[in-house]
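# Descriptive analysis of the structure
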Amino acid sequence: QVQLVESGGGLVQAGDSLRLSCAASGRTFKTYTVGWFRQAPGKEREFVSAISRSGASKYYADSVKGRFTMSRDNAKNMVYLQMNSLKPEDTALYYCAATQSPGLPSGSGEYAYWGQGTQVTVSL
């Protein structure tokens, strides 16, 4: 029902910033809660952040709180993840996902639609 495409990843040094983008298809985008997840090789997929349908409510994992900021522009069918003060531990493949479940879920099983991922690599 909705298609998602991430972009903006890259190779940066510790302390640098990146902004990831998630472009969504269709006119129903504003009915979806959107989340960001990340996965490093050999590790489980990890919740990063979620944003409500209107953008009024946001929820962040403790590991990124104060450094990452999520936002959305429903008129443009776009979601963003501004990542500041990046650390090597942030290195992962980052996924955008969408759900119509209530609240701001942090479990990957609650999200029905996923993008292809964009790689973020942070060196020392």
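Above this text you will find the structure in question.
A brief report on the enclosed structure follows. (Residues numbered from 1 in each chain as written. Predicted model: local features only at pLDDT ≥ 70, side-chain atom pairs only at ≥ 80, totals over all residues. Heavy atoms only, no water.)

Moving on, we get to the pattern of salt bridges. Under the counting rule described, the total for this entry stands at four salt bridges. Where Glu46 meets Arg38, a salt bridge forms, and the shortest distance between an N and an O atom there is 2.9 Å. Glu46 gets classed as partly exposed once you look at its relative accessible area, which sits at 32%. Exposure remark for Arg38: the relative accessible area of 5% places this residue in the buried category. Residues Asp90 and Arg67 are paired through a salt bridge, measuring 2.8 Å at the closest nitrogen-oxygen approach. Taken together, the residues span a long stretch of sequence, with Asp90 in the loop between strand S8 (78-83) and strand S9 (92-99) and Arg67 in the loop between strand S6 (58-60) and strand S7 (68-73) at a distance of 23 residues. Asp90 sits in the buried class, given a relative accessible area of 1%. If you follow the salt bridges from partner to partner, you end up with Arg38, Glu46, Arg67 and Asp90 in one network. (Salt bridge = Lys/Arg side-chain N within 4 Å of Asp/Glu carboxyl O. Buried < 20%, exposed > 50% of the residue type's maximum accessible area, 1.4 Å probe, protein only. Helix = DSSP H or I, 4+ residues; strand = E, 2+ residues; numbered from the N terminus.)

Turning our attention to unusual backbone geometry. Despite not being glycine, Asn77 has its phi angle at roughly 55 degrees, a positive value. When you line up the elements, Asn77 lands in the loop between S7 and S8. Residue Ser85 is not a glycine yet carries a positive backbone phi of 50 degrees. Topologically, Ser85 is positioned in the loop between S8 and S9. Accessibility expressed as a relative area gives 42% for Ser85, which makes it partly exposed.

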